[in-house]
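Here is what each chain is made of, one letter per residue.
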Amino acid sequence: MSLEESSTKSPLTAFTSFIRKEFLPVLTDLRLAIILLLAIALFSIAGTVIEQGQSVAFYQENYPESPALFGFLTWKVVIIAGLDRVYRTWWFLSLLILFGTSLTACTFTRQLPALKAARRWKFFDQPRRFQKLALSAEFDVEKDNFTSIQNLTEILQQRRYKVFQEDTDKLYARKGIIGKIGPIIVHIGIVVILLGSILGAMTGFMAQEMVASGDTFQVKNIIDAGPWAAPQITNDWAVKVNRFWIDYSSSGGIDQFYSDMSVLDKEGKEIDKDTIYVNHPLRHKGVTLYQTDWGIAAVKVRVNKSPIFRLPMALLDTGGKGRLWGTWIPTKPDLSEGVSLLAKDLQGTVLIYDATGKLVNTVREGMSAEVNGVTLKILEVVGSTGLQIKADPGIPVVYAGFALLMMGVVMSYFSHSQVWVLQQESNLYVGGKTNRAQVAFEGEMVEIFEQVNSQSKGESTKSLVSI
């Protein structure tokens, strides 16, 4: 376009022309779509490998500056680049939006026009046009003795073709138009998946709670949340852990751990209840509570005839030699003496150590021991359940997108076949083409030719052209 021509056009016209001639060809380019898809896949892998939503201390410990992982991946790179929250970064969401825009533009500029063209029936009015088809034939018939167009209409309709006829000498038939709709459904499915991913990233959240058996909690410890996640984090209900317990195998290992939980409304009334375990979460109002961890919260003890004390137990640093919880209880009113209580599981065994670190006794729940001149009774080792709490409103949208994607892929396997017929004087021209399953289509066309030939009462075939 020359400068003089562009200057005579309005800004809106020039902008529209730029979009149509310059921008759209780039946006709908298959190479751009492949690059975007590969980039999305690459960063999705990074978001799967690198733990998401953890604290800075976690990344400093696992991705130190010296030595750097792969020579460059340090905790600073993870934090600055947003690799600790890949799916909510502006650049990842931009990739999703650009990819979805590219697919949408391709659908409107290519797929829909192709479908519109496939639905438009067109007739051949010149014999030479049959020479360009994948398979064609020419028959010599007598009009007065054989109504060939009518016979062909019946043959094609028997093979599930939709037939269009003009006058008595032209015919067009097609089947498998669903194969042209399939790619459009595939594009729609992918776009719906992308929209669901964006919705989940913007409105979802993830929290973690460690709750002692018997306690009630509300979702508070949010570790990762989208900018629009506030409506999902409601305070109009709470969860009570009625009981937490662990089933142990005969060898002493953990077989499964369970949490019996009740959902309570503002008045404390139970509105939902379930026992959760690994791979069996509790779902309520779009929020899912998963069983992911366990611990020891406290130990209940009595000294002589005192009231029952509930002493919190803390996780001790064992240098990677297993998990161990401990607490200290005084055995004198002035706190000048006391003993340490240690436990490693919820099987009820408690180890008692004196101030010098010497093992004094080993007791189980319900048993008593004499230490420092007092009777110490272990009533209960109280477990705690580790919960991961998630809300992702985009999941139903993503599932719907996958359903559309699978349906579109199946539809795309249907062949779009077309057949043309032209009769001029004593000559009958028949030809067709298909977009896939070429061998099967050629076999079908040969069968049609044989049916026409057999119905023409012995009339000879002048020529058969197969390309």
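Residues numbered from 1 in each chain as written. Predicted model: local features only at pLDDT ≥ 70, side-chain atom pairs only at ≥ 80, totals over all residues. Heavy atoms only, no water.

A. The arrangement of the pattern of salt bridges in detail. Inspection of every chain in the model, using the stated rule, returns twelve salt bridges. With its nearest N and O atoms 3.8 Å apart, the salt bridge here joins Glu166 to Lys170. Close ionic contact of Glu444 with Lys175 constitutes a salt bridge, the shortest N to O distance being 2.9 Å. Placement of Glu444 in helix H10 (residues 438-455) and of Lys175 in strand E3 (residues 170-175) is noted, with a sequence separation of 269 residues between them. Considered together, Glu444 and Lys175 belong to a single accessibility category, that of buried residues. A single salt-bridge network, built from bridges that share partners, covers Glu166, Asp169 and Lys170. (Salt bridge = Lys/Arg side-chain N within 4 Å of Asp/Glu carboxyl O. Helix = DSSP H or I, 4+ residues; strand = E, 2+ residues; numbered from the N terminus. Buried < 20%, exposed > 50% of the residue type's maximum accessible area, 1.4 Å probe, protein only.)

B. Local environment of helix H6 (residues 90-119). If you check H6, its first and last C-alpha atoms are 41 Å apart, about what 30 residues at 1.5 Å a residue would give, namely 44 Å. The largest bend in H6 amounts to roughly 40° and is located at Thr107. (Expected span 1.5 Å × (residues − 1). Bend = angle between axes of the 7 residues up to and from the residue.)

C. Quick look at the confidence of the model for the chain. On average, the chain scores 86 in pLDDT, and the residues at 70 or more come to 92%. Contacts from residues 457-467, a stretch scored under 50 in pLDDT, to residues over four places away or in other chains number 23 contacts. (pLDDT = per-residue confidence, 0-100. Contact = heavy atoms within 4.5 Å.)

D. Geometry of the packing of helix H3 (residues 30-49) against H6. The interhelical angle for the contact between H3 and H6, taken along N-to-C directions, is 150°, at an axis separation of 10 Å. Remark: the crossing between H3 and H6 carries left-handed chirality. For the pair formed by H3 and H6, the contact residues are Ala33, Leu36, Leu37, Ala39, Ile40, Phe43 and Ser44 on the first element and Trp91, Phe92, Leu95, Leu96, Leu98, Phe99 and Ser102 on the second. Looking at the contact of H3 with H6 residue by residue, the class counts come to twelve nonpolar, two polar and no charged. (Axes fitted to C-alpha atoms, helices over the stretch in contact; angles between N-to-C directions. Left-handed = near helix turned anticlockwise from the far one by under 90°. Nonpolar A, V, L, I, M, F, W, Y, C, P; charged D, E, K, R; others polar.)

E. Looking closely at the packing of aromatic side chains. On inspection of all chains with the given rule, the structure shows 14 aromatic pairs. Between Arg243 and the ring centre of Trp245, over which it is positioned, the NZ or CZ distance is 4.3 Å. The aromatic ring of Trp294 is capped on one face by Arg323, whose charged end is 4.8 Å from the ring centroid. (Phe/Tyr/Trp six-rings, centres within 6.5 Å; stacked < 30°, edge-to-face > 60°. Lys NZ or Arg CZ within 6 Å of the ring centre and 35° of its normal.)

F. View of the sheet that holds strand E5 (residues 216-217). Across the sheet, which stays open at both edges, the four strands sit in the order E5-E7-E8-E9 with antiparallel pairing between neighbours. Because the sheet does not close on itself, it has two edges, and the strands there are E5 and strand E9 (270-276). Relative to strand E8 (residues 254-264), strand E7 (residues 238-248) runs antiparallel, the two being bridged by ten bridges. Within E8, the residue paired with Phe244 across the bridge is Ser259. (Pairing = 2+ DSSP bridges.)

G. Up close: the layout of surface pockets. In this structure, the largest pocket encloses a volume near 960 Å³. What lines the largest pocket is a set of 34 residues, and nearest its centre among them are Gly200, Ala201, Lys390, Asp392 and Ile395. Sort the elements by how many residues they give to the lining of the largest pocket and helix H8 (residues 178-203) lands first, with six residues. The residue inventory of the lining of the largest pocket, partitioned by class, reads 19 nonpolar, nine polar and six charged. Space inside the second largest pocket adds up to approximately 200 Å³. As for the second largest pocket, its lining consists of 14 residues, of which Leu30, Ala33, Leu103, Cys106 and His187 are closest to the centre. At the level of secondary structure, the elements contributing two or more residues to the lining of the second largest pocket comprise H3, H6 and H8. Ranked by residue count, the leading element in the lining of the second largest pocket is H6, at five residues. Here the lining of the second largest pocket is built from residues that sort into nine nonpolar, three polar and two charged. (1 Å grid on protein atoms, 1.4 Å probe; cavity = no way out; pocket = protein on both sides within 12 Å on 5 of 7 lines; lining within 4 Å. Points joined across faces, edges and corners; volume = space filled by probe spheres on them.)

H. Region of the structure containing the sheet that holds strand E17 (residues 359-364). With antiparallel pairing, the five strands of this open sheet are ordered in space as E13-E14-E15-E16-E17. If you trace the sheet from one side to the other, it starts and ends with strand E13 (314-315) and E17, each paired once. For strand E15 (residues 338-343) and strand E16 (residues 349-353), the ladder comprises three bridges, and the chain directions are antiparallel. If you follow Leu342 over to E16, its bridge partner there is Leu351.

I. View of the packing of H8 against helix H9 (residues 395-412). Viewed as axis vectors pointing N to C, H8 and H9 meet at an angle of 165°, and their least axial separation amounts to 7 Å. The pairing of H8 with H9 is recorded here as roughly antiparallel in orientation. Classified by chirality, the crossing of H9 by H8 is left-handed. Residue classes in the contact of H8 with H9 are distributed as 19 nonpolar, eight polar and no charged. (Parallel < 35°, antiparallel > 145°, perpendicular 65-115°, else oblique.)

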